[in-house]
Amino acid sequence: MSGIANDSSMEWAIRALDWCVRRHHVISSNIVNRDTPGYKAADVDFRRVMEQIGTEDEGILRRTDPVHLPRLGGIPSQVLTVKETSERPDGNSVNLAEEMSHLVENNYTYQALLKHVNGKLKAIKLAIHGA
Amino acid sequence: MGLYDGFRISVSGMDAQIRRMRLIASNLANANSTRSTTGETYRRKDIVFAAVPLESGGRIQIGGGDGLRKVTTVGVADDPRPFRRLHMPGHPDADAQGFVEFPNVEVFEETVNMMEAVRSYEANLMAFHTSKEMMKRALETWR
């Protein structure tokens, strides 16, 4: 059954929101380790995330009932890209300016997705209460 | 994993930068200290950072290598560079040839370090602020 409450765009938006939060944490990790010798900057590869999403729930903690919430586990290493090349003598590959732009960009993607979810919820609200 | 992890990561960075700042202050304050607790001339100190996995905080950690690393300070390293030797025969800490060993602290170097620490601190603050903003927006859903 498909309706305003459970169409797939809502589900995708929520999954994407989850991935935005994960990416935000990866970016925060990079910023925090800007002065750590040998640290390599990582990022979430969204193309690989899309491939991952289909198999996501087949991990260690498999859902036994589709009603259960999906796991919010760690980030599978296969979706992380690690920047190995460093221009600094200590081997650190974090570029602060780049990370700051990723931070902002990711934040706006997150907000756009939330807006979409909000719009959906408003539609449901409208259906319940009327105009 | 949760929204709070963002705060924990960023806070570890701000804390580390404050520790770094304290050490820089110590270096600057002792730029001319010819005596220290070891009896030797004050030696410039440097902080050592290390990236450590964000502990799960009691929750089950699923899989490994989730890429999230906070920062921690693993210790303080003494700068092995030689002391500045100045000829000051009247100084109470002068050796037999009249040379006094002054700390290997370079004021300009410390100033640049200080600027870097501030920049890193601000970057972490920005990440913290973004975490907060994301959380706030999520809470505002259904309004």
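Residues numbered from 1 in each chain as written. Chains lettered and ligands numbered in written order. Predicted model: local features only at pLDDT ≥ 70, side-chain atom pairs only at ≥ 80, totals over all residues. Heavy atoms only, no water.

### Re the overall build of chain B
For chain B, the helix and strand inventory stands at two helices and four strands. The helix and strand sequence of chain B, counted from the amino end, reads α-β-β-β-β-α. Residues classed as buried in chain B amount to 38% of the 143 residues present. Pairs at least 24 residues apart make up 66% of the contacts formed inside chain B by residues separated by at least 6 positions. Accessible surface, chain B: about 8,100 Å² in total, of which carbon and sulfur atoms supply 59%. (Helix = DSSP H or I, 4+ residues; strand = E, 2+ residues; numbered from the N terminus. Buried < 20%, exposed > 50% of the residue type's maximum accessible area, 1.4 Å probe, protein only. Contact = heavy atoms within 4.5 Å. Areas by Shrake-Rupley, 256 points an atom, 1.4 Å probe, with all protein chains shown as cover.)

### Notes on the nonpolar core
In this structure, Val26 and Val44 of chain A are the most contacted members of the largest nonpolar core, which totals 16 residues. Elements that contribute at least two residues to this core include exactly helix H1 (8–32) and strand E1 (42–44) of chain A together with helix H1 (4–29) and strand E1 (45–53) of chain B. Membership of the second largest hydrophobic core comes to 12 residues, among which are Met10, Tyr110, Leu113 and Leu121 of chain A. (Core = buried A, V, L, I, M, F, W, Y, C linked by side-chain atoms within 4.5 Å.)

### Details of the packing of aromatic side chains
Residues and elements named next belong to chain B. On inspection of all chains with the given rule, the structure shows two aromatic pairs over all chains. Ring geometry for Phe7 against Phe128: centres 4.9 Å apart, planes inclined by 50°, an arrangement best described as tilted. In this pair, Phe7 is assigned in helix H1 and Phe128 in helix H2 (residues 107–139), connecting sequence segments 121 residues apart. Exposure remark for Phe7: the relative accessible area of 16% places this residue in the buried category. Against the face of Phe83 rests Arg43, its NZ or CZ located 4.3 Å from the ring centre. The side chain of Lys45 reaches across the aromatic face of Tyr42, ending 4.7 Å from its centre. (Phe/Tyr/Trp six-rings, centres within 6.5 Å; stacked < 30°, edge-to-face > 60°. Lys NZ or Arg CZ within 6 Å of the ring centre and 35° of its normal.)

### Overview of the environment of Tyr39 of chain A
Along the polypeptide, Tyr39 of chain A turns up in the loop between H1 and E1. Taking the C-alpha atoms as reference points, Tyr39 of chain A and Val94 of chain A, 55 residues apart in sequence, are found 7.6 Å from one another.

### Overview of the side chain of Arg23 of chain A
Residue and element names in this part refer to chain A. As for its position among the elements, Arg23 is in helix H1. In this structure Arg23 comes out as buried when scored by relative accessible area, which is 7%. Filtering out sequence-adjacent residues up to four positions away, Arg23 remains in contact with Asp43, Val44, Phe46, His102, Glu105 and Asn106.

### So, the packing of H1 of chain A against helix H3 (residues 96–129) of chain A
Residue and element names in this part refer to chain A. In contact at an axis separation of 9 Å, H1 and H3 are set at 160° when each is read in the N-to-C sense. In terms of orientation, H1 and H3 fall into the roughly antiparallel class. Note on packing geometry: the crossing formed by H1 with H3 is left-handed. (Axes fitted to C-alpha atoms, helices over the stretch in contact; angles between N-to-C directions. Parallel < 35°, antiparallel > 145°, perpendicular 65-115°, else oblique. Left-handed = near helix turned anticlockwise from the far one by under 90°.)

### Quick word on the pattern of salt bridges
Pairs may arise between side chains of opposite charge once their charged atoms sit close together. This structure, assessed with the given rule, holds 20 salt bridges over all chains. When the shortest N-O distance is used, the salt bridge between Glu116 of chain B and Arg34 of chain A registers 3.2 Å. Of this pair, Glu116 of chain B sits in helix H2 while Arg34 of chain A sits in the loop between H1 and E1, on two different chains. A relative accessible area of 28% places Glu116 of chain B in the partly exposed class. Judged by relative accessible area, which is 6%, Arg34 of chain A ranks as buried. (Salt bridge = Lys/Arg side-chain N within 4 Å of Asp/Glu carboxyl O.)

### Re the packing of H1 of chain A against H2 of chain B
The N-to-C vectors of H1 of chain A and H2 of chain B enclose an angle of 165°; their axes lie 9 Å apart at closest approach. Overall, the two elements H1 of chain A and H2 of chain B adopt an arrangement that is roughly antiparallel. In terms of crossing hand, the pair formed by H1 of chain A and H2 of chain B is left-handed. Residues Cys20, Val21, His24, Ser28, Ile31 and Val32 of chain A of H1 of chain A lie in contact with H2 of chain B, whose contacting residues are Ala123, Asn124, Ala127, Thr130, Ser131 and Met134 of chain B. Split into classes, the residues belonging to the contact of H1 of chain A with H2 of chain B amount to seven nonpolar, five polar and no charged. (Nonpolar A, V, L, I, M, F, W, Y, C, P; charged D, E, K, R; others polar.)

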